[in-house]
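# Analysis of the macromolecular model
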Amino acid sequence: MYNDNPTIAFEPKKIDESKQGDVYFDEFNKDPNAKHFYIESYGCQMNFSDSEIVASILSKAGYAPTRNMEESDLILINTCSIREKAEANVRQRLHIFNKLKKTKPAVLVGVLGCMAERLKTKFLEEEKIVDIVVGPDAYRDLPNLIAGAEEGDRGINVLLSREETYADISPLRLASNGISGFISIMRGCDNMCSFCVVPFTRGRERSRNPFTIVAEATDLVNRGFKEVTLLGQNVDSFKWENPETKEIVNFAQLLEMVALIHPDLRVRFSTSHPKDITDEVLHTIAKHENLCNYIHLPVQSGNSRVLKLMNRTYDRKWYEERVEAIYRIIPDCAISSDFITGFCTETEEEHQDSLSIIRQSKYTMSYMFFYSERPGTLAARKYEDDIPLAVKKRRLAEVVQVQSEVSHQHNLNDVGKTFKILVEGDSKKSDQDFKGRTGTNKMTIFKKKPGVKPGDYVFVKVTGTTSATLLGEIIEQ
Ligand code: SF4
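Predicted model only: the values in this text are computed from it and were never measured.

### Examining the packing of helix α10 (residues 279-287) against helix α12 (residues 316-329)
The geometry of α10 relative to α12 is characterised by a closest axis approach of 9 Å and an angle of 25° between their N-to-C directions. What the angle tells us is that α10 and α12 run roughly parallel. The two elements α10 and α12 meet at a crossing, and its hand is right-handed. Along its contact with α10, which presents D279, L282, H283 and A286, the element α12 presents R322, A325, I326 and I329. For the contact of α10 with α12, the residue count by class is 5 nonpolar, 1 polar and 2 charged.

Here it is as structure tokens:
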């Protein structure tokens with residue numbers, strides 16, 4: 001069914017090994033007269049992927065990217081609004097940009113992303129150095145807004161869309177190592193978790209035409225990439241209806257379409273939602289070796305009453321059943337999660353439920369935060385943020401402690417095993433070592449071997465571990 005779309009060629013050409021590293025950044029720096037833009041991105045992978053779409057739109061408008069803020073004509077910051085601290089970081093950066101603007105008044109400053117969408121015109125009122133404010137669905141309007149700002153008109157476009165997926169825009173791979181790339185498959189979120197700003201800052205859910213996703217992944221394969229991560233706030237609810245045939249493509253089918261592009265292309269995805277992850281998705285992962293056996297399945301809390309307050313639309317029993325299904329259908333799968341400690345009215349006992357679900361689910365890692373009330377959310381409107389900060393922090397410390405014990409045990413269980421690793425580059429600590437991840441998304445450090453280079457797959461026998469990293473040696477397979 002999926003291979004009959006005439007516009008997309010499925011037969012990828014031989015991988016051109018020479019196109020490694022960040023050539024993509026430099027290829028846009030050929031026009032000496034081009035104006036330069038400098039972009040900083042914060043928050044989730046979705047934001048980093050959006051910055052690559054922004055870079056592509058700007059490069060078509062004659063701008064070239066620079067990593068050097070001082071030489072830029074346009075400074076952009078792609079913001080996150082998920083926690084108070086994230087927004088405080090943005091204000092600090094604007095302060096830094098202001099110093100440059102004092103010495104270079106013509107430089108324009110633009111704020112993108114979720115904080116821009118949340119604050120809207122307030123941003124222009126509160127931050128005098130900001131020239132343009134653009135929400136996540138309005139990046140096509142950037143060239144217009146920049147032209148206006150060059151004339152002195154401070155601009156704003158924070159319209160959210162029900163259609164926009166930027167499907168026709170080929171991202172400029174800014175921070176890429178030429179091996180792994182992000183592909184956003186959908187935008188927005190229809191869940192209304194009571195603590196979350198995303199539905200207000202990224203709008204309603206819409207899925208991208210799967211054939212454009214396959215085309216983008218095929219293009220990456222032809223450019224030498226070996227791994228793609230499919231991105232969405234809730235990838236399991238991916239659903240695209242073919243306007244002509246009315247055929248529906250769901251997430252499991254999309255995963256298979258991407259897996260079939262090339263056996264050497266590793267496929268990852270993020271983020272899943274416990275209420276929507278289906279057995280069909282799990283069986284599809286089990287069927288294809290290049291669909292990585294790793295699932296990020298945020299739970300947020302281990303207690304059903306708290307989950308109800310969070311409006312997560314599942315309870316502990318449902319979550320446990322999903323975890324059981326994952327380990328039953330994909331026995332060597334790794335699962336990671338998200339936790340919020342100290343949510344409104346959470347009791348000590350309910351906190352203990354979060355600690356117990358970590359042990360029970362055997363997560364390899366988790367993203368862990370204490371509750372940060374976000375303006376405009378359901379929780380901010382309905383519940384008092386009544387857990388003292390000291391208690392929130394103490395509970396967070398306990399969740400972090402239990403998770404690191406479980407992660408370390410999970411790594412210890414891997415000692416002696418052999419894993420297929422995609423070499424990503426030099427390890428941070430020593431240029432005598434390579435780093436790369438297992439299918440289960442575990443960073444592994446191993447000695448270099450002649451003839452092996454980034455982008456290669458090698459088999460590594462695990463000889464040891466730290467709490468967060470596997471250590472090993474390349475073996476002939
Ligand atoms: S699923 Fe919930 S937490 Fe995740 S983006 Fe949507 S509303 Fe936010």
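### Some points on the sheet that holds strand β7 (residues 180-184)
Judged by pairing direction, the sheet is parallel, and its 3 strands sit side by side in the order β7-β10-β13 without closing on themselves. Both edges of this open sheet fall to β7 and β13 (266-270), since each of them pairs with a single strand only. On average, each strand axis in the sheet is tilted by 25° relative to the strand beside it, whichever way the strands run. As judged from the 5 bridges shared by strand β10 (residues 227-231) and β13, these two strands associate in the parallel manner. The partner of T229 across the bridge, within β13, is R268. Set on the sheet, helix α2 (residues 45-60) makes contact with β7, β10 and β13; between it and β7 the angle comes to about 90°. Packed on one face of the sheet, helix α9 (residues 251-259) meets β10 and β13 and runs near 150° to β13.

### Some details on unusual backbone geometry
Following S270, the chain continues to T271 via a peptide bond in cis, the omega torsion being 15°. Among the structural elements, T271 can be located in the loop between β13 and α10. Despite not being glycine, T313 has its phi angle at roughly 65°, a positive value. Here T313 is to be found in the loop between α11 (304-309) and α12.

### Describing the pairing of strand β3 (residues 74-79)
Counting buried positions along β3 yields 6 of 6 residues, so the element is predominantly enclosed. Alternating residues of β3 divide into L74, L76 and N78 and I75, I77 and T79, and every residue in both groups is buried. Summarising the sheet, strand β1 (residues 35-41) and β3 pair through 5 bridges and their orientation is parallel. Directly across from S41, in β3, lies its bridge partner N78. Alignment of β3 against strand β4 (residues 108-112), held across 5 bridges, turns out to be parallel. The residue of β4 that forms the bridge with L74 is L108. Considered for its hand, the β-α-β crossover made up of β3, helix α3 (residues 84-103) and β4 is right-handed.

### Notes on the nonpolar core
Core analysis: the biggest nonpolar cluster contains 55 residues, and I185, L230, F238, F251, L255, V258 and I295 have the highest contact counts within it. Considering each element in turn, this core owes the most residues, 7 residues, to α9. Every residue in contact with I295, bar those within four places of it in the chain, is listed here: F269, S272, I277, L282, I285, I326, I330, C333, A334, I335 and S336. Grouped together as the second largest cluster of nonpolar side chains are 24 residues, V54, A55, I57 and Y63 included.

### A short note on the site of the ligand
Around the ligand, a shell composed of C189, N191, C193, F195, C196, V198, P199, Q233, H273 and R312 is seen. Looking at the shell around the ligand, its residues break down into 6 nonpolar, 3 polar and 1 charged.

### Structural notes on the domain arrangement of the chain
Its domain assignment divides the chain into domain 1 (7-157), domain 2 (180-410) and domain 3 (418-475). Taking the mean C-alpha position of each, domain 1 and domain 2 sit 27 Å from one another. The partner domain 2 presents 33 residues to the 27 residues of domain 1 that form the contact. Buried surface at the junction of domain 1 and domain 2, summed over both partners, amounts to about 2800 Å²; 57% is from carbon and sulfur atoms. For D50, the salt bridge goes to R187, with nearest N and O atoms at 2.8 Å. Applying the counting criterion to the domain 1 and domain 2 interface returns 8 residue pairs in polar contact (both at pLDDT 80 or more). For the side of domain 1 that touches domain 2, the secondary structure elements donating two or more residues are α2, α3 and α4 (113-119). Looking at the side of domain 1 that touches domain 2, the element that brings in the most residues is α2, giving 6 residues. Partitioning the side of domain 1 that touches domain 2 into residue classes produces 11 nonpolar, 5 polar and 11 charged.

### Notes on the sheet that holds strand β21 (residues 470-475)
Spatially, the 5 strands close up into a barrel ordered β17-β18-β19-β21-β20, and their pairing is mixed. Across this sheet, the average inter-strand angle for adjacent strands is 50°, counted without regard to direction. Where strand β17 (residues 418-426) and strand β18 (residues 433-437) come together, 4 bridges link them in antiparallel fashion. Opposite D426, over in β18, you have F434 as the bridge partner.

### As for the side chain of Q300
Relative to the helices and strands, Q300 is located in the loop between β14 (294-296) and α11. Under the relative-accessibility criterion, Q300 is labelled buried at 7%. If we skip the residues at most four places from it in the chain, Q300 touches F195, M310, R312, D338, F339 and I340.

Reading guide: rules and limits
Residues numbered from 1 in each chain as written. Predicted model: local features only at pLDDT ≥ 70, side-chain atom pairs only at ≥ 80, totals over all residues. Heavy atoms only, no water. Axes fitted to C-alpha atoms, helices over the stretch in contact; angles between N-to-C directions. Helix = DSSP H or I, 4+ residues; strand = E, 2+ residues; numbered from the N terminus. Parallel < 35°, antiparallel > 145°, perpendicular 65-115°, else oblique. Left-handed = near helix turned anticlockwise from the far one by under 90°. Contact = heavy atoms within 4.5 Å. Nonpolar A, V, L, I, M, F, W, Y, C, P; charged D, E, K, R; others polar. Pairing = 2+ DSSP bridges. Buried < 20%, exposed > 50% of the residue type's maximum accessible area, 1.4 Å probe, protein only. Right-handed = clockwise from strand over helix to strand, strands pointing away. Core = buried A, V, L, I, M, F, W, Y, C linked by side-chain atoms within 4.5 Å. Near = heavy atom within 4 Å. Domains from an automatic or database assignment. Buried area = accessible area lost by both parts, 1.4 Å probe. Salt bridge = Lys/Arg side-chain N within 4 Å of Asp/Glu carboxyl O. Polar contact = N/O pair within 3.5 Å; in protein donor to acceptor, adjacent residues only side chain to side chain.

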